[in-house]
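Structural characterization, general
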2 protein chains.
Amino acid sequence: MGKQFSVTDQFINVDEVVHKVVRPESGAVNTFIGTVREFTKNKRTLYLKYEAYVSMAEKKLAQIGDEITSKWPDAKCAIVHRIGELHISDIAVVIAVSTPHRADAYDASRYAIERMKEIVPIWKKEHWEDGTSWIGDQQELKRYPTGEPLEEDL
Amino acid sequence: MGKQFSVTDQFINVDEVVHKVVRPESGAVNTFIGTVREFTKNKRTLYLKYEAYVSMAEKKLAQIGDEITSKWPDAKCAIVHRIGELHISDIAVVIAVSTPHRADAYDASRYAIERMKEIVPIWKKEHWEDGTSWIGDQQELKRYPTGEPLEEDL
């Protein structure tokens, strides 16, 4: 099954992440799945590469899980982010949150992806049709030359 | 792969539903997964049975897909609902919606589950620890004796 909050260089199976959070007391699971999109504002992506400061990234993903259970005590969350070379339509990240009722599942899942953008040290290198650029997966890391937030990219 | 909008008596694989909507132009998929919860207001469910007017249910699920693409032209949606006997933690329904950016994926997915409750002719028979009751999965069908909406149940 792997860890509840992990960074992996392997293909992510959505079903497996969902089953990390399904429990008798939950009736709803919301998942957010980020996939590699081909076009971003008319620029074509050929493939991309995710890199992470893995131990810190996993710690930050687990922190998001803690934040979620402090805000939604009945929620259970799992997040798996893939790194390495990814191609168009590949799954880069899966967030799953289970709750007794559905409204909380939506809210907590949305909270998780927004926080992921803010605090998790994962970057992607876009291999565009006409060159490459690094894009920070978090907003606070501005040290990369073209480090704009991934906000619009998932 | 099966149909985009279907009612099935088989186990639902989340990955398979997600892959019905993943496309090069999408960067985000939101899924809603309804599972069988053990307790509802202190009443314990042992198992339950879903029944559907299948051809009409599939037509209504497809209608929800049409409504979604008229509201979110870049969205693609798939919905699979299971019928028959389901046990605690089994997956009853999977809704998947892909969009270029994530905000729309969340909104369209939420729209789909709310509409499903309203218009799709699927009912569940709860087998409680102390008896049984029919609960309509849609609000307009009041002809079942205890036909309250499933609103709170997923």
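Per chain, residues are indexed from 1 in the order of the written sequence. For this description, chains carry letters from A and ligands carry numbers from 1, given in the order in which they are written. Selection of residues for local features in this predicted model requires a pLDDT of at least 70, selection of side-chain atom pairs for listing and counting requires 80 or more, and totals for whole chains, interfaces and linings are taken over all residues. The basis for every side-chain value is the complete set of heavy atoms in the structure, and neither hydrogens nor water enter the calculation.

Taking an unreviewed UniProt entry as the reference, chain A is identified by name as Molybdenum cofactor biosynthesis protein MoaE belonging to Pontibacillus salicampi.

1. Observations concerning the pattern of salt bridges
When charged atoms on two side chains of opposite charge get close, those side chains can pair. Any carboxyl oxygen of Asp or Glu within 4 Å of a side-chain nitrogen of Lys or Arg constitutes a salt bridge here. Counted by the stated rule, this structure contains 22 salt bridges over all chains. Among the ionic pairs, Glu129(A) bridges to Arg44(A), the shortest N-O distance being 3.3 Å. One end of the pair, Glu129(A), is in the loop between β8 (122–128) and β9 (131–136); the other, Arg44(A), is in strand β4 (residues 43–52), with 85 residues separating them in the sequence. With a relative accessible area of 52%, Glu129(A) lands in the exposed category. The rule is simple: take the accessible area with a 1.4 Å probe, protein chains only, and divide by the maximum for that residue type; under 20% is buried, over 50% is exposed, in between is partly exposed. Looking at Arg44(A), the relative accessible area reads 32%, which means it is partly exposed. One salt bridge connects Glu25(B) with Arg23(B), and the closest N-O pair in it is separated by 3.9 Å. Relative accessible area serves as the criterion here: at 43%, Glu25(B) is assigned to the partly exposed category. Judged by its relative accessible area of 14%, Arg23(B) is buried. The network of salt bridges with shared partners includes Glu38(A), Arg44(A) and Glu129(A). Helical segments are the DSSP runs of H or I of at least four residues, strand segments are the runs of E of at least two, and each set is numbered from the N terminus.

2. Notes on the relation of the copies chain A and chain B
We place the copies in one frame by least squares, fitting the C-alpha atoms of every residue whose pLDDT is at least 70 in both. The two copies are related by a screw operation: chain A maps onto chain B through 180° of rotation and 0.0 Å of translation along the axis, at an RMSD of 0.0 Å. Such a combination of rotation and displacement between the chain copies is what one expects of a two-fold axis. Comparing interface residues between copies, 100% of those in chain A also sit at the interface in chain B, which points to an isologous, same-surface contact. The contact criterion used throughout is that any non-hydrogen atoms of two residues lie within 4.5 Å.

3. Let's talk about the nonpolar core
Only buried residues count toward a nonpolar core. Its members are Ala, Val, Leu, Ile, Met, Phe, Trp, Tyr and Cys residues joined through side-chain atoms within 4.5 Å. One finds Ile68(A), Ile79(A) and Ile79(B) to be the most contacted residues of the largest nonpolar core, which totals 61 residues. For this core, the leading source of residues is helix α3 (residues 102–119) of chain A, giving eight residues. In terms of nonpolar packing, the next biggest core, distinct from the first, is built from 26 residues, Val14(A), Val17(A), Val29(B) and Val94(B) among them.

4. A look at the sheet that holds strand β5 (residues 76–82) of chain A
For two strands to be treated as a pair, DSSP must find no fewer than two bridges joining them. Strand order in the open sheet formed by eight strands is β1(A)-β5(A)-β7(A)-β2(A)-β2(B)-β7(B)-β5(B)-β1(B), and the pairing between neighbours is mixed. Every interior strand has two partners, whereas the edge strands, β1 (5–8) of chain A together with β1 (5–8) of chain B, have only one. Mean inter-strand twist for the sheet, computed between neighbouring axes without regard to direction, equals 10°. Pairing of strand β2 (residues 28–35) of chain B with strand β7 (residues 91–99) of chain B involves eight bridges; the strand directions are antiparallel. Across the sheet, the residue bridging to Asn30(B) is Val97(B), located in β7(B). Geometry is summarised by axes, namely lines fitted to C-alpha atoms with helices restricted to the contacting stretch, and by angles between N-to-C directions that run from 0 to 180 degrees. Sitting on the sheet, helix α2 (residues 54–71) of chain A touches β1 and β5 of chain A, and the angle it makes with β1(A) is about 150°.

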